[in-house]
Amino acid sequence: RNCDARATGRSPCTAVFAIMASMRQYPASTAVAAAFLLAAALCVHAHPTYFVTRGFASSCTSFPMQPYGFHSPPTADPDTTFSVSIGTTGEMYSGAVCAGESVQIEVVYPQSSEALLVASAGELDGNGITAGCSNRRADPSRSSRRTMTLTVPCDVADGMVSLTSTRATGFSSPYYQTTLSLNVDAMCATGTCAPAPMPSPVPSPVPSPVPSPVPSPVPSPMPSPPDEPIYNITNVGPDEFAELQAMGMDDNSTFIIDVRGPEAFAAGHIYGALNLPVALFNNETTVNETVAMLPVNKVLMFYCTQGIASLSAATSAIDSGLLPLNMTIVNLVDGLNSWIEAGYPVVPTLTEGALTNVTAMQFNGLRSVHMAMDTAYIVDVRGPMAFDAGHIYGAVNIPAAMFDSPMRRNATVAMLPTDKVLLFYCTMGVASLRAATAALATGLLPSNVSIANLEDGLNSWVEAGYLVLPSLFPNRINNVSADNFYALYEEGMVFNFSYVIDVRTAEAFDAGHIMGAVNIPLAMFEDADMLNDTIAMLPTDKTLMFYCTMGVASLRAATLALSSGLLPMDILLVNLEDGLVSWMDADYPLVMDHTPGLSIIPAEQFKAVIDIENHSNNVYIVDVRTLSQYIQGHIEGAENIPVINFDDPDLIQGAVEALPTDKIIMFYCTSGVISARAARATMATGLLPEDAVVYVMESGINAWKAAGYPVVMDHTPGLSIIPAEQFKAVID
């Protein structure tokens, strides 16, 4: 009934309802499934690019907002052109617009496309446009030519007008984005933004015989321009969005709005969000009612899949005029995609009193969110040996046989908490499904209980990259492999249950250690006079994780700690067998403690810094030799900035400003002399931050090669005739 069939010239929803009516005589589930699939297919083809879900066969929206289905990430759109004119005279844009001017924008596409246009104007900061005002046009007509108008608000003194176009040409085609930016001139204003003209002063009358001259009238004061409504839509990244979410959970100060369709919301959403599809905001008949549902005393947090539809919904909420001024509204830039990429959890919708099969990602979201609130109870129904070998952190082991046995089932279910979300899993997902179903069938669980089963079991969990932990036994030393040590370390960082101890010397610790580790050298455990004070430093409510270089010294330190009798009986101790050697062989990261300022270090330490900090892309290597020397062999990843750039007063500022300010700067040359000169000149400019770390390799690349460390070469395709020295360098 509500399908816009202009794209196809027919009415697909009519066909859907006719098919449904003709199939009523066939009650088989296959017929119903076929009807659902055909309905979905026909509705999608009515608008192959965008759709908003409102439930089965209720509508195929003619207001496209959310890119649907199988599109690849957005790419630049070089074929879309913009034509801009200013005001009513049609004067072409020539460099800047004024506050209060109406900007007429015409967009021409290379072919007919559905498209979403969002225009905004505001002040500029490091992230682009901050909130000022927005206008949008989502046009389903598939016209190749669109027009829209945006009036620049008065509070944009020196900023920018930006128009973003998003379009696609088919169901599985790529979709394209392009942006037009116009400068706002801070020195001009028109329309309602322009100040009222100052009245001309009345000239003094010509003197007359009257003794007292007539005084000049006082000019009327210039009226102030009317205040513009102030709204603030701030685009934020996933980290800031997560901070606001956590703050809202603590003090109830935020309101999260997911503007995707109900099916996408049910599959996975940010915990605490309310589902208000974008169509409710962009429909004139529902927008006011929808906005009236929003609390006016909280921060409104909008998100969708990619950040486009949520920005449109937030703008529509503002345009309704129902929100108070100065209200804070945030939009998750790049949407839920960026949230998931940053490692934050999403949770599926669970039906109360029923069992829901969930994917590994959904299971992890439920575990992460509900463990943080102490409302999760994870049940591993495998056998004890499988459980001890590796299980999901936080799980309890209740074998499936306990649920299968009629004699023990009720007693087993009675052990389960009634105020938590129950999360079941096994190896393949079958035994846990059977156990959860049996538990629900007893009738002993409350009617509002939520139960989830990990479909495809622990296999899918591991395949998705999530970690399993070995069982640890209290009051003994648990020797574990590098993989298990890493799993305990990672989960311990997330859930705050681990305390990592590096028992090597301070010098070895400074050269590279596991992030978050505390350096307590072995000598402090071996010295009888220091042992009690050393043990007193250790937390008694966390898992103590010891390591050294080879695994021997850390085992001795852990043994001395345990035999002291000063630790609780239920303490868990872990030792990294084979030590940091196995950790590094498994390619797990280390970090270093760096002293701000300039340091000259040997080749071995220079390489260690590169190896360790490259895990987090935290180094910038500068080769200050000549280009010909650089080409013949350099450290992998090094940039060639010849020393002349640091010696010449006219060049040094540009050279230093080209260096990143958030990385460790590492200089080298042939022998270490000219790189030290370049580094000192860099520090002397004062252009680097006060906490900048700068290293120079002692004895240069000569020492690097003597230690057997590798160099790489840049080669020019084709035939080159080179001297013997370079010929040998290539071979070496």
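See the structure shown above.
Computed from a prediction, not measured in an experiment: that's the story for all the values here.

The strand order across the open sheet formed by five strands is 17-21-20-18-19, and the pairing between neighbours is parallel. One side of each edge strand has no neighbouring strand; the edge strands of this open sheet are strand 17 (354–358) and strand 19 (395–397). For this sheet, the mean angle separating the axes of adjacent strands, direction not counted, is 30°. As judged from the five bridges shared by strand 17 and strand 21 (residues 450–454), these two strands associate in the parallel manner. Directly across from Ala 354, in strand 21, lies its bridge partner Ser 450. Each of strand 17, strand 18 (376–380), strand 20 (421–425) and strand 21 touches helix 9 (residues 360–372); the most contacted strand, strand 20, lies at about 140° to it. Its contacts with the sheet place helix 13 (residues 430–441) against strand 17, strand 20 and strand 21, and it is angled at close to 165° to strand 17.

Even without being glycine, Asn 496 reaches a positive phi, approximately 60°. Its place among the elements puts Asn 496 in the loop between helix 15 (482–495) and strand 23 (498–502). Here the phi dihedral of Ser 699 falls at roughly 70°; this positive angle occurs in a residue that is not glycine. Assignment of secondary structure puts Ser 699 in the loop between strand 31 (693–697) and helix 26 (700–706). Exposure remark for Ser 699: the relative accessible area of 39% places this residue in the partly exposed category.

Taken in spatial order, the five strands of this open sheet run 22-26-25-23-24, and their pairing is parallel. Only two strands of the sheet have a single partner each, and these edge strands are strand 22 (477–480) and strand 24 (518–519). Bridge count between strand 25 (residues 543–547) and strand 26 (residues 573–576): three bridges; the pairing is parallel. Along strand 26, the bridge assignment pairs Met 545 with Val 574.

Inspection of the secondary structure puts Met 249 in helix 3 (residues 238–251). For Met 249, a relative accessible area of 43% gives the class partly exposed. Through-space distance from the C-alpha of Met 249 to that of Tyr 271 is 9.7 Å; in sequence the pair is 22 residues apart.

The next subject is the side chain of Lys 298. With respect to the secondary-structure elements, Lys 298 resides in the loop between helix 6 (287–292) and strand 15 (299–303). Of the side chains with opposite charge, Asp 251 lies nearest to the buried Lys 298, which makes no salt bridge, at 8.6 Å. A distance of 3.0 Å separates polar atoms of two side chains, one belonging to Lys 298 and the other to Asn 252. With sequence-adjacent residues up to four places away left out, Lys 298 is seen in contact with Asn 252, Ser 253, Thr 254, Phe 255, Met 327 and Thr 328.

For helix 7 (residues 308–319), which comprises 12 residues, the first-to-last C-alpha distance of 17 Å matches the rise-based estimate of 16 Å (1.5 Å per residue) to within 8%. For helix 7, a buried count of 11 out of 12 residues is recorded, marking the element as mostly surrounded by other parts of the structure. Every buried residue of helix 7 is listed here: Ile 308, Ala 309, Ser 310, Leu 311, Ser 312, Ala 313, Ala 314, Thr 315, Ser 316, Ala 317 and Ile 318. Gly 321 occupies a position one or two residues after helix 7 and carries a positive phi of about 80°.

Within this structure, the stated rule accounts for 20 aromatic pairs. Ring centres 6.0 Å apart and planes at 80° place the aromatic pair Tyr 489 and Trp 583 in the edge-to-face group. Linking Tyr 489 in helix 15 with Trp 583 in helix 20 (residues 579–585), this pair joins segments that are 94 residues apart in sequence. Taking relative accessible area as the criterion, Tyr 489 reaches 6% and is therefore assigned buried. Feature note: the residues Phe 485, Tyr 486, Tyr 489, Tyr 547, Trp 583 and Tyr 588 constitute an aromatic cluster, connected by ring pairs. The positively charged end of Lys 607 is found above the aromatic ring belonging to Tyr 709, 5.3 Å away from the centroid.

What follows concerns the nonpolar core. Formed by 43 residues in total, the largest nonpolar core has its most connected members in Phe 485, Ile 514, Trp 583 and Phe 606. Here this core takes seven residues from helix 15, the largest share from any one element. Residue contacts for Phe 485: discarding those within four places in its chain leaves Val 480, Ile 514, Met 545, Phe 546, Tyr 547, Val 574, Asn 575, Leu 576 and Trp 583. Of all hydrophobic cores here, the second largest spans 22 residues; its members include Leu 276, Phe 281, Phe 302 and Leu 323.

Take the environment of Phe 265 next. Along the polypeptide, Phe 265 turns up in helix 4 (residues 262–267). For the pair Phe 265 and Asn 275, spaced 10 residues apart in the sequence, the C-alpha separation amounts to 6.7 Å.

Moving on, we get to the pairing of strand 26. Here strand 26 shows a buried face lined by Leu 573 and Asn 575 and a second buried face lined by Val 574 and Leu 576. Note that strand 22 and strand 26 share four bridges and pair parallel. Its bridge partner being in strand 26, Asn 479 is matched across the sheet by Asn 575. For the crossover that starts at strand 25, traverses helix 19 (residues 552–563) and ends in the parallel strand 26, the hand is right-handed.

Proximity of charged atoms lets side chains of opposite charge pair with each other. The tally for this structure, following the rule as stated, stands at 11 salt bridges. We note a salt bridge from Asp 258 to Arg 260, for which the minimum N-O separation is 2.7 Å. With a relative accessible area of 0%, Asp 258 lands in the buried category. For Arg 260, a relative accessible area of 7% corresponds to the buried category.

Moving on, we come to a nonpolar patch on the surface. A contiguous nonpolar patch, built from Ile 722, Phe 727, Val 730 and Ile 731 and spanning about 370 Å² of accessible area, is present on the exposed surface. Its place among the elements puts Phe 727 in helix 27 (residues 724–731). We classify Phe 727 as exposed; its relative accessible area is 53%.

Turning our eyes to something else, we now look at the side chain of Thr 412. With respect to the element layout, Thr 412 can be found in helix 12 (residues 409–414). When its relative accessible area of 2% is taken as the criterion, Thr 412 is described as buried. Side-chain polar atoms of Thr 412 contact the backbone oxygen of Met 402, separated by 3.3 Å. Aside from chain neighbours lying at most four places away, what touches Thr 412 is Ile 398, Met 402 and Phe 403.

How each quantity is defined
Residues numbered from 1 in each chain as written. Predicted model: local features only at pLDDT ≥ 70, side-chain atom pairs only at ≥ 80, totals over all residues. Heavy atoms only, no water. Pairing = 2+ DSSP bridges. Helix = DSSP H or I, 4+ residues; strand = E, 2+ residues; numbered from the N terminus. Axes fitted to C-alpha atoms, helices over the stretch in contact; angles between N-to-C directions. Contact = heavy atoms within 4.5 Å. Buried < 20%, exposed > 50% of the residue type's maximum accessible area, 1.4 Å probe, protein only. Lys, Arg positive; Asp, Glu negative; His and termini not counted. Salt bridge = Lys/Arg side-chain N within 4 Å of Asp/Glu carboxyl O. Polar contact = N/O pair within 3.5 Å; in protein donor to acceptor, adjacent residues only side chain to side chain. Expected span 1.5 Å × (residues − 1). Phe/Tyr/Trp six-rings, centres within 6.5 Å; stacked < 30°, edge-to-face > 60°. Lys NZ or Arg CZ within 6 Å of the ring centre and 35° of its normal. Core = buried A, V, L, I, M, F, W, Y, C linked by side-chain atoms within 4.5 Å. Right-handed = clockwise from strand over helix to strand, strands pointing away. Patch = residues over 30% accessible without salt bridge, like charges linked within 9 Å, V, L, I, M, F, W, Y side chains within 5 Å. Areas by Shrake-Rupley, 256 points an atom, 1.4 Å probe, with all protein chains shown as cover.

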